[in-house]
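Analysis of the macromolecular model
Now for the letters of each chain:
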Amino acid sequence: MLNFHQASLSHQFWRRTTCTLLTVTIVCLSSASIAEEDIKISAAQVQTLGIRSVHPVSSRNDLTLPYPAQIVIPTPQLWVVSSPVAGMVTSLSVARGDRVDVDRPLVTLESPSFVSLQREYLQAFSQDVLAAQQLKRNAELFDGKAVPQRVLETSQAEARQASIAVAEKRQMLRLSGLADAAIARLTTETAITATMSVAARQQATVVEILVSPGQRVEQAAPLVKLARLSVLWAEIAIPASNISAIRPGARVEIDGYAVPGKVILVSETTDAATQTVLVRAEVPNSGELRPGQTAAARIGFISVGESAWEIPYSALVRRGDRASVFVAIDGGFRVLPVTLIAEDQDHVVISGAISDKDEVAVSSTSALRGILLRLGAGE
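Residues numbered from 1 in each chain as written. Predicted model: local features only at pLDDT ≥ 70, side-chain atom pairs only at ≥ 80, totals over all residues. Heavy atoms only, no water.

**Side note on the overall build of the protein**
- Helix and strand counts for the protein come out as 6 helices and 23 strands.
- Expressed as a percentage of its 379 residues, the buried residues of the protein come to 37%.
- Put simply, of all contacts in the protein between residues at least 6 apart along the chain, 75% involve residues at least 24 apart.
- When the accessible surface of the protein is totalled, it reaches about 21200 Å², and 53% of it is carbon and sulfur. (Helix = DSSP H or I, 4+ residues; strand = E, 2+ residues; numbered from the N terminus. Buried < 20%, exposed > 50% of the residue type's maximum accessible area, 1.4 Å probe, protein only. Contact = heavy atoms within 4.5 Å. Areas by Shrake-Rupley, 256 points an atom, 1.4 Å probe, with all protein chains shown as cover.)

**A word on helix H3 (residues 112-143)**
- The first and last C-alpha atoms of H3 sit 47 Å apart over 32 residues, in line with the 46 Å expected at 1.5 Å per residue.
- Where H3 is buried, its residues contact helix H4 (149-175), helix H5 (180-189) and strand S9 (195-199).
- Of the residues one or two after H3, Lys145 is the one with positive phi, at around 60 degrees. (Expected span 1.5 Å × (residues − 1).)

**Observations concerning the pattern of salt bridges**
- Overall, the coordinates contain 8 salt bridges when judged by the stated rule.
- The shortest N-O distance in the salt bridge between Glu208 and Lys225 comes to 3.5 Å. Placement of the pair is Glu208 in strand S10 (residues 204-209) and Lys225 in strand S12 (residues 222-227), with a sequence separation of 17 residues.
- On the basis of relative accessibility, which here comes to 33%, the residue Glu208 falls in the partly exposed class.
- Take Lys225: its relative accessible area is 23%, and that puts it in the partly exposed class.
- Here Glu253 ties to Arg251 by a salt bridge, and the two come within 2.9 Å at their closest N and O atoms.
- We classify Glu253 as buried; its relative accessible area is 16%. (Salt bridge = Lys/Arg side-chain N within 4 Å of Asp/Glu carboxyl O.)

**As for the environment of Gly177**
- Relative to the helices and strands, Gly177 is located in the loop between H4 and H5.
- Gly177 sits in the partly exposed class, given a relative accessible area of 38%.
- For the pair Gly177 and Ser83, spaced 94 residues apart in the sequence, the C-alpha separation amounts to 9.4 Å.

**Overview of the pairing of strand S17 (residues 294-299)**
- In this sheet, S17 lies alongside strand S4 (residues 67-72) in antiparallel orientation, the contact comprising 4 bridges. Bridge pairing in S17 places Pro68 opposite Ala296.
- Relative to S17, strand S14 (residues 251-254) runs antiparallel, the two being bridged by 3 bridges. Paired with Val252 across the strands is Ile299, a residue of S17. (Pairing = 2+ DSSP bridges.)

**Re the sheet that holds strand S6 (residues 87-92)**
- Spatially, S9-S8-S6-S11 is the arrangement adopted by the 4 strands of the open sheet, whose pairing is antiparallel. Sheet topology places S9 and strand S11 (216-217) at the edges, where each strand pairs with a single neighbour.

**Topic: unusual backbone geometry**
- Its identity as a non-glycine residue notwithstanding, Gln275 has a phi of 55 degrees, on the positive side.
- Mapped onto the fold, Gln275 is located in the loop between strand S15 (261-266) and strand S16 (276-284).
- One non-glycine residue, Ser364, lies in positive phi territory at about 55 degrees.
- Here Ser364 shows up in the loop between strand S23 (360-361) and helix H6 (365-378).

**Looking at the packing of H3 against H5**
- Following both chains from N to C, one finds H3 and H5 inclined at 65 degrees, their axes separated by 10 Å at the closest point. Crossing hand, H3 versus H5: right-handed. In this structure, H3 contributes Gln118, Tyr121, Leu122 and Phe125 to the contact, and H5 contributes Ile183, Leu186 and Thr187.
- Across the contact of H3 with H5, the residue classes break down as 5 nonpolar, 2 polar and no charged. (Axes fitted to C-alpha atoms, helices over the stretch in contact; angles between N-to-C directions. Left-handed = near helix turned anticlockwise from the far one by under 90°. Nonpolar A, V, L, I, M, F, W, Y, C, P; charged D, E, K, R; others polar.)

**Comments concerning the packing of H4 against H5**
- At their nearest, the axes of H4 and H5 sit 10 Å apart, and the two run at 130 degrees to each other. Here H4 lies oblique to H5, going by the angle between them. You can see that H4 and H5 cross each other, and the crossing is right-handed. Along its contact with H4, which presents Arg170, Leu173 and Arg174, the element H5 presents Asp180, Ile183 and Leu186.
- For the contact of H4 with H5, the class distribution of residues is 3 nonpolar, no polar and 3 charged. (Parallel < 35°, antiparallel > 145°, perpendicular 65-115°, else oblique.)

Dropping the structure here:
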């Protein structure tokens, strides 16, 4: 067995051999004299290892790096105009991309069902007129004591039922798209038609045409898809590791588009396949954004009172779920913990106790990590 002196010599030999293999001599001071993760290394050794350093660059307007975004129509602003009755499409008055105003005709139908609705309304209207006249006569007879009260009450009930039937049939015509003026004209002229026009109920843009002329459709079949495009959504997939700095209400800038938006949703779930989190932003649309297009979006982040800095991706050191960088100090480098805010394949945005006066190692960081690990093992 080795005695204590032999073990000590063996340990010292092992450390000298390790430093030789790394072609660098580590000044291993006690933990009381230097910080726990400081690395002492000479300028000559820095040059030998090929360690290059750069100054951090202040992140533009506290925005993340650009993320790919998909421009979509907000679901509350998208709707489908359906056929109010069964029939055949005779013509289309709009095409995809058209802007339509209120009451603008969209589709023209020929429908036997529409004919039946008009006939039933006219019959109910005639019954209502007759019931009202009968009630008036019986009321006069009752006042002259020519009929009993029971007859008057029966006439009142019949008149009430006739009024309800007219209201029902009128509402059915309104649901079929017939305006009040057209219903009044039908009442006075008794002009039943088999052709009806389905019109827009509000200003919108035609997103999709779902039927063709000559096509037969059932009641409630979709005809035209409309949308309001004054506000659009930008749906952004953010890596789950970067989501902690993004909050609802954060500013969102779309590259090449002057009007900023804001975050309205940070999803509570993560996509299992891509390990990304959906962030949805609401962006006012002046006409330059179009649904379906892709864009690059930058998001304002929360930095907890610290500035944000952009550095090359190669400068970032990951250890588990922690991130750090090697900052140059007198006679070596220091490991500085940072908060990762955003990243792409070339750059990262971080926050932490760092400034543009510091120099951050961006090459040969693996060599520095190896030295640090062996220094920790030696201690």
